[in-house]
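Each chain, letter by letter, is given below.
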Amino acid sequence: AQSVTQPDIHITVSEGASLELRCNYSYGATPYLFWYVQSPGQGLQLLLKYFSGDTLVQGIKGFEAEFKRSQSSFNLRKPSVHLSDDAEYFCAVVFNNAGNMLTFGGGTRLMVKP
Amino acid sequence: EAGVTQFPSHSVIEKGQTVTLRCDPISGHDNLYWYRRVMGKEIKFLLHFVKESKQDESGMPNNRFLAERTGGTYSTLKVQPAELEDSGVYFCASSFGTVYGYTFGSGTRLTVV
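The paragraphs below set out a description of the structure included in this document. What you are looking at is a predicted structure, and each value in this text was computed from that prediction instead of being measured.

Moving on, we get to the state of the cysteines. All names here are of chain A. The full count for this structure, using the stated rule, is 2 disulfides over all chains. For Cys-23, the disulfide goes to Cys-91, at an S-S distance of 1.9 Å. Between Cys-23 and Cys-91 the sulfur-sulfur dihedral comes to about -65°; the bridge is accordingly left-handed. Of this pair, Cys-23 sits in the loop between strand S3 (19-21) and strand S4 (24-25) while Cys-91 sits in strand S10 (residues 87-94); the two residues are 68 residues apart in sequence, bridging distant segments of the chain. By relative accessible area, which is 0% here, Cys-23 ends up buried.

As structure tokens, then:
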């Protein structure tokens, strides 16, 4: 079955530290890849997406992600986190045979300490 | 432009009752999607409308769930009768074309007691 895995359920980092959130997906062909963030009381906001081309993608709020085909991964990174990055992060994939349907990972809750 | 609007933001109902969730997509967006996240699980696809037609309803859990999109504008998702396992957050999203421009609403938190 097609699936998306976010191995880290919770991550705590200090303000100013670097961050990497992991995402792996099953399936062979290159899918469409997304990262969303949900702050408390808010909807899902798109951080960045990858469809093709350069495998390093820049997003909003200083985030970037790198698609690695050999590892079926699409990890999210930020060099220096802010308190405002305290939120839940979701990796999502549109698999090639799934129309417009997003398949989500379980989410990673990021807590940022002052 | 106004975003995707969902209401109510919260709903608490008793088991066996009926609840109707509403989603107003971004004006002009033909594609409308419903997703939900039950406690501790992933966000799961429910269904996809293109205008007023159901393009894909493969994620609808059972026949207690009924989604409509009359006139291709707003959509409603009715749960009748509600069960405890229906508790969770229901998200709506809309897009003009394909998945490139998905915009999500803030969600409706449904609690069935």
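Next, the rest of the story.
Turning our attention to the pairing of strand S2 (residues 10-13) of chain B. Residues and elements named next belong to chain B. Of the two faces of S2, the one holding Ser-11 and Ile-13 is buried and the one holding His-10 and Val-12 is not buried anywhere. Bridge count for S2 against strand S11 (residues 108-112) is 4 bridges, and the pairing is parallel. Across the sheet, the residue bridging to Ile-13 is Val-112, located in S11.

Moving on: the pattern of salt bridges. With the rule as written, the count across this model stands at 12 salt bridges over all chains. Taking the shortest distance from any N to any O, the salt bridge between A:Asp85 and A:Lys78 comes out at 2.8 Å. Given the relative accessible area of 2%, A:Asp85 is considered buried. Look at A:Lys78 and you get buried, because its relative accessible area is 6%. Between B:Arg22 and B:Asp24 there is a salt bridge, with its nearest N and O atoms 2.7 Å apart. Within the structure, one salt-bridge network assembled from shared partners comprises B:Arg36, B:Arg64, B:Glu85 and B:Asp86.

The rules behind these values
Residues numbered from 1 in each chain as written. Chains lettered and ligands numbered in written order. Predicted model: local features only at pLDDT ≥ 70, side-chain atom pairs only at ≥ 80, totals over all residues. Heavy atoms only, no water. Disulfide = S-S within 2.5 Å. Helix = DSSP H or I, 4+ residues; strand = E, 2+ residues; numbered from the N terminus. Buried < 20%, exposed > 50% of the residue type's maximum accessible area, 1.4 Å probe, protein only. Pairing = 2+ DSSP bridges. Salt bridge = Lys/Arg side-chain N within 4 Å of Asp/Glu carboxyl O.

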